[in-house]
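# Results of the structural survey
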Amino acid sequence: VKRFSPLIVAAALAALALAALKMTEDKEPSRTWTPVQPS
Amino acid sequence: VKIGVLVTGDAAVRAAHSLAAHPAVDVVVIGPARSKSFPVVPDADGCDYLVGTGDQAPEKAREHGVPLIWDGERLERGVTVYGASPQGLTLAMASREPDPQLVAVAHPALRAGGNHRARFPSPVGRIGVADTTYAGQRLATGKSPNSYAACLAVGVRRNVTIIDHGAFMSGISLAAGVAVANSDGRPVWDDALDYLHAATDMGLVMAEEG
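Residues numbered from 1 in each chain as written. Chains lettered and ligands numbered in written order. Predicted model: local features only at pLDDT ≥ 70, side-chain atom pairs only at ≥ 80, totals over all residues. Heavy atoms only, no water.

Now for the interface of chain A and chain B. Taken together, the contact between chain A and chain B spans 11 residues of the former and 21 residues of the latter. Approximately 1,500 Å² of surface area, both sides summed, lies buried where chain A meets chain B, with 51% of it carried by carbon and sulfur atoms. For the chain A face of the interface with chain B, the top three residues by lost area are A:Arg31, A:Trp33 and A:Pro38, together amounting to 47%. Applying the counting criterion to the chain A and chain B interface returns 0 salt bridges. If you look at where chain A meets chain B, you find 3 residue pairs in polar contact (both at pLDDT 80 or more). Sorting elements by how many residues they give to the side of chain A that touches chain B places strand β1 (residues 33-36) of chain A first, with 4 residues. Here the side of chain A that touches chain B is built from residues that sort into 4 nonpolar, 4 polar and 3 charged. (Contact = heavy atoms within 4.5 Å. Buried area = accessible area lost by both parts, 1.4 Å probe. Salt bridge = Lys/Arg side-chain N within 4 Å of Asp/Glu carboxyl O. Polar contact = N/O pair within 3.5 Å; in protein donor to acceptor, adjacent residues only side chain to side chain. Helix = DSSP H or I, 4+ residues; strand = E, 2+ residues; numbered from the N terminus. Nonpolar A, V, L, I, M, F, W, Y, C, P; charged D, E, K, R; others polar.)

In structure tokens:
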């Protein structure tokens, strides 16, 4: 069985986490803004 | 009201056009300058106020002997209104909210911030902001990733925003300072409601989330 360096595994996991975070941000529902007068 | 415009940059020129749309305001440009839209005059005789931007504007106003509406963040001699900027607009907007938890502004001319991220309306979106102070007021600031700018006040009860083209917002932020001017030197958020009404009358749109 081929074994990977812990550093490579850690880097890969970090990259996956960042990608997941980015996907979460991208999937945030667009908000609705309604014009109002200053009050 | 007669307003003299010190040609100190793009925001001042844009402010001149926003002021000229007001029926009760006469606009002149203080020379030396060239203008296709406004009379260019050699001095500020007869002007009630001057508008200008940048560090040199207060000194120029003192030379003319006419009070200045300014985008700077502090009171200086010769300045009658300060904070007439997107930062001041943000503080004015937030001052009308009962419970602002986050007061933030994004503008293409501001520096990128790294303290935390704030979620502005599209097309600015989520960006890094720095926790700073403006005229002693807490204000998170960040660099817009595009030409748009946004003011944001996040409260428990509601979120409010003003978003527009950055240069357009800068011009109107300066021009709307006229609504706050009187004999005292003060920031725009001291008379926030009149200032915000002037800014929205000149074309900015305030919006509430929901």
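Glancing now at the pattern of salt bridges. Any two side chains of opposite charge can pair if their charged atoms end up close together. Residue and element names in this part refer to chain B. Tallied over the full model, the rule gives 6 salt bridges over all chains. The closest approach of N and O atoms between Asp10 and Arg14, which form a salt bridge, is 2.9 Å. Remark: Arg14 and Asp10 occur in helix α1 (residues 10-20); sequence separation between them is 4 residues, near one turn of the helix. Judged by relative accessible area, Arg14 falls into the partly exposed class, the value being 32%. Overlapping salt bridges, with partners in common, bring together Arg62, Arg74 and Glu76 in one network. (Buried < 20%, exposed > 50% of the residue type's maximum accessible area, 1.4 Å probe, protein only.)

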